[in-house]
Amino acid sequence: MERWKTIIEPFRIHSVEPIRLTTREERERALKAAGWNLFNLHADDVIIDLLTDSGTGAMSRDQWAAVQHGDESYAGSPSWFTFLESVRELWPYKHVIPTHQGRAAERILFSVLGGPGKVVPNNTHFDTTRANVEATGAEALDLPIPEALHPATVHPFKGNMDVTALERLLDERAEEVPVVFVTITNNSGGGQPVSLRNLRAVRTVCDRHAIPLFLDACRFAENAWFIKLREEGQGGRAIPDIVRDMASLADGMTMSAKKDGLANIGGWLAMNDDQLAEQCRNLLILTEGFPTYGGLAGRDLEAIAQGLREVVDEDYLRYRIRSTEYLGDAIDAAGVPLVKPIGGHAVYLDARALLPHIPPLEYPGHALSVALYREGGIRGTEIGTVMFGRHPDGTETPAAMDLVRLAIPRRTYTQSHVDYVIEVVRFVAERAAQLRGFRIVEEPPRLRHFTAKFEPL
Ligand SMILES: Cc1ncc(COP(=O)(O)O)c(C=O)c1O
């Protein structure tokens, strides 16, 4: 294939899911009925669903075949051993604790390690990670490199942790830090990768203070592919070797198999520390289940085991990362402002820059995501003032950025779907001056973006 420029989907379609092609009038009606909140739509009214890449991917023929091998024994199921072997092939930690999804692993780990007076640093906490740290009374501290805060700044490893800031924190407050986290790739920072070099530097600082390092490894294969492409000396290496290097630099991990597990549900918590593992397993039994299934059916364990074999395939990763970049590059070429460089799983449009006439408190990101749905039936998600603007004391301020995330489900859409998205984004951007802001007419006290109702201004 090296002769040809076009990077094709390395699969054929085996089973099709129809998409209902709605009209603009139908979508107008759907928006009104949903209180202009895209989370309230019936998914049948969405043409291209880019709300999230989590649990929305297509499973392969071999994963569906593996589902048929699912053994539902309560304890010691063969499916558990298949899962364990597949996880350990990439992540050879001593203890692997299955959970129903990533946040369950987070809740269990932070219930043991968190608590008032503690602080957990991360390159950037994903929102469930932050919520689970804070739910224990601990502080969740983001320490990304400074480049990460500027949408237009290009850096090959924009997900890296600020090692100097970590050193400063540990010099002053090491006894309050039960664990250091690094998220690969850095979702909240735009799906940006972390280099092996940065992980090594973080590890050295952790060792100096005898503090464990954990990875939030949801998109580990995408991160490994970026390392292979961009990091000096890594180009000739196999992806599983790069993954095992990442594993060896940490003491444990949390994982959502809904991303690079290529499954629709699942996750795990893994670590080397025996005592910590025992405490975590005790909590697992309380809410998730017995340690050989942990909130998953045997068939889910089988699907994940097979997904982990497929996700490190280079043809898959080349297609995956290139198809996200293809969308981003075309939007960039059309002059629409976006976060650069393009991350692994999503393209982030800079709504504040595109819609300077809509003040942040009239929600430019929301206005743009509603317009993409109204014009083309595309569902993205606002990551901005609607999501982060309201504070526990009731005040409201603009978020740091007003973005619209277009997240790409794995192996689900073809290039013509992506070409359609590009056409719709261009159409909306050309008419940006006509878009108006929104006001919120109803909102819950927390996480308002999921259920708030809006009215166009
Ligand atoms: C970086 C990161 N960590 C943790 C999670 C939580 O995983 P789950 O949705 O499976 O609970 C997500 C999910 O989007 C994520 O992107």
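Everything numeric in this text was worked out from a predicted model, so none of it was measured.

A.B. asks: Describe the pattern of salt bridges, naming the residues involved and giving the relevant values.
C.D. replies: Opposite charge on two side chains makes pairing possible when the charged atoms of those side chains draw close. On inspection of all chains with the given rule, the structure shows 38 salt bridges. With its nearest N and O atoms 3.6 Å apart, the salt bridge here joins E28 to R24. Here the residue E28 and the residue R24 both occupy positions in helix α1 (residues 24-33), the gap between them amounting to four residues, near one helical turn. On the accessibility criterion, R24 (34% relative accessible area) is partly exposed. Note that R411 is salt-bridged to E310, the shortest N-O span being 2.8 Å. Here R411 is found in the loop between β12 (403-407) and α16 (415-430), whereas its partner E310 is found in helix α11 (residues 298-311), with 101 residues between them in sequence. Given a relative accessible area of 14%, R411 falls into the buried group. A cluster of three or more residues bridged by salt bridges with shared partners is formed by D53, R219, E222, D260, R320 and R410.

A.B. asks: Residues and numbers for the site of the ligand, please.
C.D. replies: Near the ligand you find 14 residues, and of these R103, N187, D216, S256 and K259 are the closest. Separating an oxygen atom of the ligand from a backbone N or O atom of G102 is a distance of 2.9 Å. In this structure, an oxygen atom belonging to the ligand sits 2.8 Å away from a side-chain N or O atom of K259. Considering the ligand on its own, with 390 Å² of exposed area, one finds that the protein chains cover 97% of that surface. When residues in the shell around the ligand are grouped by element, the largest group, three residues, is from helix α4 (residues 102-113).

A.B. asks: I'd like a description of the packing of aromatic side chains, backed by residues and values.
C.D. replies: Geometry of an aromatic ring pair is reported as the spacing of the ring centres plus the angle between the planes. Counted by the stated rule, this structure contains 13 aromatic pairs. Summarising the aromatic geometry, the rings of F110 and F181 are spaced 5.4 Å apart at their centres and angled 45° between planes, so their arrangement reads as tilted. With a gap of 71 residues between them, F110 in helix α4 and F181 in strand β5 (residues 180-183) connect regions that are remote in the sequence. Take F110 and F181: they sit in the same class, and that class is buried. Over the ring of F427 we find R431, and its NZ or CZ is 3.6 Å from the ring centre.

What counts as what
Residues numbered from 1 in each chain as written. Predicted model: local features only at pLDDT ≥ 70, side-chain atom pairs only at ≥ 80, totals over all residues. Heavy atoms only, no water. Salt bridge = Lys/Arg side-chain N within 4 Å of Asp/Glu carboxyl O. Helix = DSSP H or I, 4+ residues; strand = E, 2+ residues; numbered from the N terminus. Buried < 20%, exposed > 50% of the residue type's maximum accessible area, 1.4 Å probe, protein only. Near = heavy atom within 4 Å. Polar contact = N/O pair within 3.5 Å; in protein donor to acceptor, adjacent residues only side chain to side chain. Areas by Shrake-Rupley, 256 points an atom, 1.4 Å probe, with all protein chains shown as cover. Phe/Tyr/Trp six-rings, centres within 6.5 Å; stacked < 30°, edge-to-face > 60°. Lys NZ or Arg CZ within 6 Å of the ring centre and 35° of its normal.

Any functional reading would require information that these geometric values do not contain.
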